[in-house]
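# Residue-level structural notes
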Amino acid sequence: MINHFLANYYRKKLLSNTHLPKSLYCYLSQPLVEGKNLIKDIEFLVLDFETTGLDASKEKIISIGYTVIKNLHVLPSTSRHILINPKQVLVEQNVAIHQLTDEELKSGLPLSSAIDKLLSQMVNRVIVVHFDKIEKSFLNQVCRKLYQINILPLVMLDTLKIERRKMQKTQQYTKPDGLRLFNLREKYNLPRYKAHNAMQDAISTAELFLAQVDYMGNKEAIKLRQLI
Amino acid sequence: MEIEDLEIIDFFKLTLPLDSATPAQLESLITKTQVAYRRKGHILTTKPDFLYLVRKGAVLIEDENEELFSILGEHQWFGYNSQLLLYTHSCQEDTLYYRIDKKYFYELFSDNAVVENFFLDANLETSLKSQKLIKQNSLLTNSVLSMSRASDAYLVDKKTSIKQVAKLMTENTTTSVIVTDEDKLCGIVTDRAFCTKVVAMEVDTSSPISKIMTNNPLSIAHYKSGVEAMLLMANAHIRHLPIVKNKKVVGMITAADLLRKQSHNVVFLINEILVSDTTDELEEISKQVPLLLQHSYESNMDEHDITYSVSSVGRSINQQLLKQAEELLGQPPIDYAWVVAGSLARSEQIAHSDQDNLLILADDYQEELHEQYFIKLAKYVSDGLNACGYVYCPGDVMATNKKWRQSLSVWKSYFKQWITSPEPKALMYASIFFDLKCIYGEAQLLDDLLTNVFDMTTRNTIFQSHMAANALHYTPPLGFFRNFMLDKNGVNKKSLDLKKKGVVPIVDVARVYALSHGVRSINTQDRLRELSDVGGMSSSGANDLIEAYKFINSVRIKHQKRQIKLGQPADNFVLTEEISSLDKKHLKDAFGIVSDMQSAMSSRYQTSIL
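Scanning chain B for helices and strands turns up 23 helices and 20 strands. When the 610 residues of chain B are sorted by exposure, 51% land in the buried category. Taking contacts inside chain B between residues at least 6 apart in sequence as the whole, the part at least 24 apart equals 71%. For chain B, the exposed area adds up to about 28,300 Å²; of that, 51% sits on carbon and sulfur atoms.

Of the regular secondary structure elements, chain A holds nine helices and five strands. Relative to its full complement of 228 residues, chain A shows a buried share of 52%. Excluding contacts between residues fewer than 6 apart, the proportion of contacts in chain A whose partners are at least 24 apart in sequence is 65%. Counting only carbon and sulfur atoms, one obtains 53% of the accessible surface of chain A, whose full area is about 11,400 Å².

Moving on, we come to the environment of Thr 51 of chain A. Note that Thr 51 of chain A resides in strand 1 (residues 44-51). Here the alpha-carbon distance between Thr 51 of chain A and Ser 63 of chain A, two residues 12 residues apart in the chain, equals 7.1 Å.

This next bit is on the pairing of strand 2 (residues 61-70) of chain A. Residues and elements named next belong to chain A. Most of strand 2 is tucked away: nine of the 10 residues are buried. With eight bridges joining them, strand 1 and strand 2 adopt antiparallel strand pairing. Bridge pairing in strand 2 places Asp 48 opposite Gly 65. Bridge analysis of strand 2 against strand 3 (residues 73-83) gives seven bridges, and the strand direction is antiparallel. Following the sheet pairing, Lys 70 is matched in strand 3 by His 73. Between strand 2 and the antiparallel strand that follows it, strand 3, lie two residues; Asn 71 among them carries a positive phi value of about 50°.

At the junction of the two partners, chain A supplies 29 residues and chain B supplies 25 residues. Summed over both sides, the interface of chain A with chain B buries roughly 2,400 Å², with 55% coming from carbon and sulfur. Our enumeration of links across chain A and chain B arrives at two salt bridges. Between Asp 214 of chain A and Arg 39 of chain B there is a salt bridge; the shortest N-O distance is 3.4 Å. Here chain A is connected to chain B by 11 residue pairs in polar contact (both at pLDDT 80 or more). Tallied by class, the residues present in the side of chain A that touches chain B amount to 15 nonpolar, eight polar and six charged.

Turning our attention to the confidence of the model for chain B. All names here are of chain B. Mean pLDDT over chain B works out to 82, with 88% of the residues at or above the 70 mark. A low-confidence stretch, residues 127-138 (pLDDT under 50), is modelled with 19 contacts involving residues beyond four sequence positions or located in other chains. Counted against residues more than four places away or in other chains, residues 482-492, with its pLDDT under 50, gives 12 contacts.

We now examine unusual backbone geometry. The peptide bond linking Leu 16 of chain B to Pro 17 of chain B adopts the cis configuration, its omega dihedral lying at -5°. Here Pro 17 of chain B shows up in the loop between helix 1 (7-13) and helix 2 (23-30). Residue Gln 148 of chain A is not a glycine yet carries a positive backbone phi of 55°. Relative to the elements of secondary structure, Gln 148 of chain A occurs in the loop between helix 6 (132-147) and strand 5 (156-158). Overall, Gln 148 of chain A belongs to the exposed group, its relative accessible area being 63%. One non-glycine residue with positive phi stands out, namely Glu 202 of chain B, at about 50°.

Before going further, it helps to examine the side chain of Asn 140 of chain A. All names here are of chain A. Among the structural elements, Asn 140 can be located in helix 6. Residue Asn 140 is classed as buried on the basis of its relative accessible area, which comes to 14%. In this structure the side chain of Asn 140 is engaged in a polar contact, spanning 2.9 Å, whose partner is the backbone nitrogen of Leu 152. Contact partners of Asn 140, with chain neighbours within four places excluded, come to Ile 149, Asn 150, Ile 151 and Leu 152.

Here the focus is a negative patch on the surface. Residue and element names in this part refer to chain B. Among the surface-exposed residues, Asp 335, Asp 363, Asp 364, Glu 442 and Asp 448 lie close enough to one another that they form a single negatively charged patch. Note that Asp 448 resides in helix 18 (residues 443-457). Relative accessible area serves as the criterion here: at 31%, Asp 448 is assigned to the partly exposed category.

Quick look at the packing of aromatic side chains now. Residues and elements named next belong to chain B. Scanning the model with the defined rule gives 29 aromatic pairs over all chains in all. Taking the centre distance of 4.9 Å and the plane angle of 70° together, the rings of Phe 415 and Trp 418 count as edge-to-face. In this pair, Phe 415 and Trp 418 are both assigned in helix 16 (residues 408-420), three residues apart and thus about one turn of the helix distant. Across the pair, Trp 418 and Phe 415 agree in class, each one buried. Each member of the aromatic cluster is reached from another via a ring pair, and the members are Trp 404, Trp 411, Tyr 414, Phe 415, Trp 418, Tyr 429, Phe 433, Phe 434 and Phe 463.

Time to look at the sheet that holds strand 4 (residues 68-72) of chain B. Residue and element names in this part refer to chain B. The strand order across the open sheet formed by three strands is 4-3-6, and the pairing between neighbours is antiparallel. On the outer flanks of this sheet lie strand 4 and strand 6 (88-91), each paired with one strand and no other. Adjacent strand axes in the sheet meet at a mean angle of 20°, parallel and antiparallel pairs treated alike. In this structure, strand 3 (residues 59-62) lies alongside strand 4, joined through four bridges in antiparallel fashion. Bridging across to strand 4, Glu 62 finds its partner in Leu 68.

Here we come to the sheet that holds strand 17 (residues 405-407) of chain B. Residue and element names in this part refer to chain B. The four strands lie next to each other as 17-16-15-18, forming an open sheet whose pairing is mixed. Each of the sheet's edge strands pairs with one partner strand only, and the pair in question is strand 17 and strand 18 (436-441). The sheet shows a mean angle of 30° between the axes of neighbouring strands, taken without regard to direction. Contacting strand 15 (336-341), strand 16 (357-361) and strand 18, helix 18 crosses the sheet at an angle of about 155° to strand 18.

Taken together, the side chains of Phe 5, Leu 6 and Tyr 9 of chain A make up a nonpolar region of the molecular surface, amounting to roughly 380 Å² of accessible area. Note that Leu 6 of chain A resides in helix 1 (residues 4-15).

Now for the nonpolar core. Among the nonpolar cores identified, the biggest contains 94 residues, and Phe 44, Ile 64, Met 122 and Leu 152 of chain A together with Phe 12 and Phe 105 of chain B are the most heavily contacted of them. A per-element tally of this core places helix 9 (residues 198-214) of chain A first, with eight residues.

This part takes up the side chain of Asp 435 of chain B. All names here are of chain B. Along the chain, Asp 435 falls in the loop between helix 17 (424-433) and strand 18. Overall, Asp 435 belongs to the buried group, its relative accessible area being 0%. Side chain to side chain, Asp 435 and Arg 527 meet in a polar contact 2.6 Å long. In this structure Asp 435 touches Val 340, Ala 341, Gly 342, Ala 345, Arg 346, Arg 511, Ile 522 and Arg 527, once residues within four positions along its chain are discounted.

Turning our eyes to something else, we now look at the pattern of salt bridges. Residue and element names in this part refer to chain B. For the coordinates displayed, the defined rule picks out 27 salt bridges over all chains. A salt bridge links Arg 405 to Glu 371; the shortest N-O distance between them is 3.4 Å. Residue Arg 405 is located in strand 17, and its partner Glu 371 is located in helix 15 (residues 367-387); the two are separated by 34 residues in the primary sequence. For the residue pair Arg 405 and Glu 371, the accessibility class agrees, reading buried in each case. Asp 383 is paired through a salt bridge with Lys 379; the nearest N and O atoms lie 2.7 Å apart. Here Asp 383 pairs with Lys 379, and both are found in helix 15, just four residues apart, close to one helical turn. The class of Lys 379 is partly exposed, set by a relative accessible area of 46%. Each member of the salt-bridge network shares a partner with another, and the members are Arg 346, Glu 348, Asp 435, Asp 508, Arg 511 and Arg 527.

The rules behind these values
Residues numbered from 1 in each chain as written. Chains lettered and ligands numbered in written order. Predicted model: local features only at pLDDT ≥ 70, side-chain atom pairs only at ≥ 80, totals over all residues. Heavy atoms only, no water. Helix = DSSP H or I, 4+ residues; strand = E, 2+ residues; numbered from the N terminus. Buried < 20%, exposed > 50% of the residue type's maximum accessible area, 1.4 Å probe, protein only. Contact = heavy atoms within 4.5 Å. Areas by Shrake-Rupley, 256 points an atom, 1.4 Å probe, with all protein chains shown as cover. Pairing = 2+ DSSP bridges. Buried area = accessible area lost by both parts, 1.4 Å probe. Salt bridge = Lys/Arg side-chain N within 4 Å of Asp/Glu carboxyl O. Polar contact = N/O pair within 3.5 Å; in protein donor to acceptor, adjacent residues only side chain to side chain. Nonpolar A, V, L, I, M, F, W, Y, C, P; charged D, E, K, R; others polar. pLDDT = per-residue confidence, 0-100. Patch = residues over 30% accessible without salt bridge, like charges linked within 9 Å, V, L, I, M, F, W, Y side chains within 5 Å. Lys, Arg positive; Asp, Glu negative; His and termini not counted. Charge placed at Lys NZ, Arg CZ, Asp CG, Glu CD. Phe/Tyr/Trp six-rings, centres within 6.5 Å; stacked < 30°, edge-to-face > 60°. Axes fitted to C-alpha atoms, helices over the stretch in contact; angles between N-to-C directions. Core = buried A, V, L, I, M, F, W, Y, C linked by side-chain atoms within 4.5 Å.

Printed below as a string of structure tokens:
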């Protein structure tokens, strides 16, 4: 986040609103992690959303997967997969990708409870995603809808951007789909996972993040701002 | 959709020996599993607290000579053998790996023999491979359970009475017991508690032991290494650690167990000496003394600690020989004091040296009745010492010599003779017989003698003058660094006898002052410190002399360390080219101090009038 200062300013401004729901209030009451911090000391929440489409204004989140990185180690036991009841029938195409059926989703949580749960996980953590456009736009869209706020202040890293910057620096050429999660994992000799759901994808992203960080050199000394 | 759906669970199921684990165990294992990544060609840092499992990639293990020890791929473990943690682990490929809390892992599978045996077998295999390593490193990398002696752990229920526990401890000569509550560790009691709690606080001995135990003591898991146990003990200032496996006590590791694993350790050596039954055994043990020296040198021990350690070993050998002799000959018919003289008495021994010893017999000594006993006793000890490398005294100052095996009153008359008519021979004896220490038997006999002696030495100024003049016999080689002053025999050309020219003059000065001021300490540094306390010597003078003494000894020790390393017998002849220019400068200063002190002593005791 280039404008850490602005984000924090906005965060404090939001806090002055007296009608915040508890989960949002708790999240906002903690300062955002600063760029000068060493990443070995930071806790990361690695996120993946599954959505019914790309357009946040029209489509919906159907599941949220996440896992935690602490001391630059992924903690698999922190991994969770939250299904969201979309209150609408799924298009067949998405079912094929996510392997989630209407039946399963009907047993999922209402959107507001799912976001409550997510916010409680985001407190004091830096968010990591692969291709931040989806998660960012959907998260903001949801907050607009649920809490009437335009932007959720957060610090988010994007493994795709990290890779692209690295390649630009070394002037490497990449095929258009070379930056996809699956292909990048292969590049770093990471295992190929069968399952394709938000939780496993969050773990995949987390492992990719560890690999990228390790390739940056002395990871004990890397500061958060070097990854933004 | 939660943890059971993670791919890592599927991976665990395909990994030996986890294929035998239950789904619940695997899920539980996940809670203590972390995922990490290391890039190709880089070192993977391993910690003793974890087991490691390769998920993807390859890990290369190399020994200290960078020789390939093993390559591990997917589904393979490392870190279970703590000896191998000293080897270099590096990634031959980009590697994703899991690390799992070792303690948790072993506890989780404590009932699963398949898992336990898997690592035991793997351990055995790698142990065979790494025998070279085991030999080089101390055995402290073995697990604590393998190091503890089964008899070390005495378990008592917390309801047992204090009296019963005391009885159990006495019968089994153990210094500690573990207190359990339904088989689980709940406390520990060491013999100290009987002093600090039972006696000092007047606790009723029919109360349950839980009343005086230390609650929830620290413990160590059975697979941890001796090094870890040692660190734990050092940090917590404790000497006993219960060993637990799945919360149950399976043994006890003590500081003594750990020391026993270090054969070059002085405490170990003394311990071995004290349990030996024959001279042959002692002879074997005393062969360790050069090793002890070498180890002390290498661990950069202070010269005072080194000489103290070596002297302690010497004293222990004397004591054990006397114990053996008494067992052989029966109870002594009368009280006696076994007294050593010289560097051993002063705790200033560096290596094996001649034996100087004597017997003071109680005044009810009757030659016709008792002589045979003490002849045999002295012979047994003296022969034993000789076998152990403390060779017979060339001057025959040994208890085997009838002259030095006398009753207290005879000894008093000897000293009276030497002090009142100090002839050259008497003065030579004086320098030996004024550094005495009783190390076995009735110490009061020596005390009585010394009280008598000091009464004379502090008052007899003529004797003091003679002693002072005698102490000027050896002088520091002030001209040494300009043109080398060599010993007259010329054997050690361009070399300096640091003992005679450096150490002895200081020891002699300290003795003269001590005798005239009634200072009863015999260690040179102790003498100097006490002299400064009682005003017998200015504190700056005493301090300077102590520093000079320490420095000269440190150069001497450096020299011997070099000799031992080269496999040569250690001596005191230091070659000039061995000494660094900085040391030379300091040595010159040190000799200057000694020389000044000698002059001061000379005028203080008016040696010129003799």
